[in-house]
Amino acid sequence: MSEEFTTSAHDLAEAARLRAQLEQDNSTANNRSSSSSGSYRIPTVSIDSGAYKYVLITALPPNSSTTEVFVHSKRGADYHRNVAEPLIPILKQSGYTDIQIKGGGRILRCDEDNIIKIFGYSYGFGRADHALAKDVVEKSGKFAGYAISWSNDGY
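If you're wondering where the values come from, they're calculated on a predicted model, not measured in any experiment. (Residues numbered from 1 in each chain as written. Predicted model: local features only at pLDDT ≥ 70, side-chain atom pairs only at ≥ 80, totals over all residues. Heavy atoms only, no water.)

Enquirer: Please explain the nonpolar core as it appears in this structure.
Expert: Side chains of nonpolar character tend, in soluble globular proteins, to be buried together. Ile-57, Phe-70, Leu-91, Ile-99 and Ile-101 are the most contacted members of the largest nonpolar core, which has 18 residues in total. Looking at this core, the elements that each hand over two or more residues are α1 (9-27), β2 (50-60), α2 (80-93) and β4 (97-110). When residues of this core are assigned to their parent elements, the largest contribution, five residues, is made by α2. Counting 16 residues, the second largest nonpolar core, distinct from the first, contains Ile-116, Ala-128, Ala-133 and Val-136. (Core = buried A, V, L, I, M, F, W, Y, C linked by side-chain atoms within 4.5 Å. Buried < 20%, exposed > 50% of the residue type's maximum accessible area, 1.4 Å probe, protein only. Helix = DSSP H or I, 4+ residues; strand = E, 2+ residues; numbered from the N terminus.)

Here it is as structure tokens:
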């Protein structure tokens with residue numbers, strides 16, 4: 001895996017715009033959606049097979065005081081914001097509030113060897129708490145039997 005720095009001034013500006021939009025949304029105290037169906041459960045873990053960028057997002061579910069943590073990677077995402085952008089509207093439409101992008105990195109998921117490696121950082125969102133990401137992946141049960149590890153090494 002080569003270290004390819006895939007950020008640009010435009011990406012940094014878009015990541016900052018996305019964070020600012022979330023801060024503005026979160027500052028509105030009563031932006032909980034009363035029209036959320038509540039029947040659709042958003043998966044806390046979505047990891048595409050291969051080595052891709054990932055983001056760690058926290059959000060407060062409707063009618064709950066316990067924050068949920070989401071670990072999502074996406075094949076073909078040029079930037080970390082491309083992983084976050086599709087998830088954020090789904091969270092909002094489902095009534096989640098206090099949505100925050102806590103950072104990013106990369107996840108290598110190798111189904112042949114049953115391993116998941118969490119590492120690196122995001123230029124736009126900073127380094128995610130990879131230990132927390134590992135815990136979320138393990139607790140999801142989606143990758144039972146996989147050896148899951150994390151490191152702050154690499155990009």
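Enquirer: For this particular structure, what's the right way to read the packing of aromatic side chains?
Expert: By convention here, two paired aromatic rings are described through the distance between centres and the angle between planes. Taken as a whole and judged by the stated rule, the model has three aromatic pairs. Taking 5.8 Å as the distance between ring centres and 75° as the angle between the ring planes, the aromatic pair formed by Phe-70 and Tyr-96 counts as edge-to-face. Remark: Tyr-96 occurs in the loop between α2 and β4 and Phe-70 occurs in strand β3 (residues 68-73); sequence separation between them is 26 residues. We classify Phe-70 as buried; its relative accessible area is 0%. A ring pair is formed by Phe-143 and Tyr-146, whose centres lie 5.2 Å apart and whose planes are at 80°; its orientation type is edge-to-face. In terms of burial, Phe-143 and Tyr-146 fall into one category: buried. (Phe/Tyr/Trp six-rings, centres within 6.5 Å; stacked < 30°, edge-to-face > 60°.)

Enquirer: So what exactly am I meant to see when it comes to the pairing of strand β6 (residues 147-150) here?
Expert: Both strand β5 (residues 115-119) and β6 contribute to a ladder of four bridges, which runs parallel. Its bridge partner being in β6, Lys-117 is matched across the sheet by Ser-149. In this fold, β5 hands off to helix α3 (residues 130-140), which returns the chain to β6; that crossover is right-handed. (Pairing = 2+ DSSP bridges. Right-handed = clockwise from strand over helix to strand, strands pointing away.)

Enquirer: Where do I start with the sheet that holds β3 in this structure?
Expert: Consider a sheet: its strands pair through backbone hydrogen bonds, and that pairing is either parallel or antiparallel. With mixed pairing, the six strands of this open sheet are ordered in space as β1-β3-β2-β4-β5-β6. Edge positions in the sheet fall to β1 (45-46) and β6, since each of these pairs with one other strand and no more. Here α2 sits on the sheet and contacts β2, β3 and β4; the angle it forms with β2, its principal contact strand, is near 35°. Sheet contacts for α3: β1, β2, β3, β4, β5 and β6; angle to β6, the most-contacted strand, approximately 165°. (Contact = heavy atoms within 4.5 Å. Axes fitted to C-alpha atoms, helices over the stretch in contact; angles between N-to-C directions.)

Enquirer: How should I be thinking about unusual backbone geometry in this particular structure?
Expert: Peptide bonds are mostly trans, and most non-glycine residues show a negative phi. At Asn-63, a residue that is not glycine, the phi angle is positive and equals roughly 55°. Inspection of the secondary structure assignment puts Asn-63 in the loop between β2 and β3. Residues other than glycine seldom take positive phi values, yet Asn-114 does so here, at roughly 55°.

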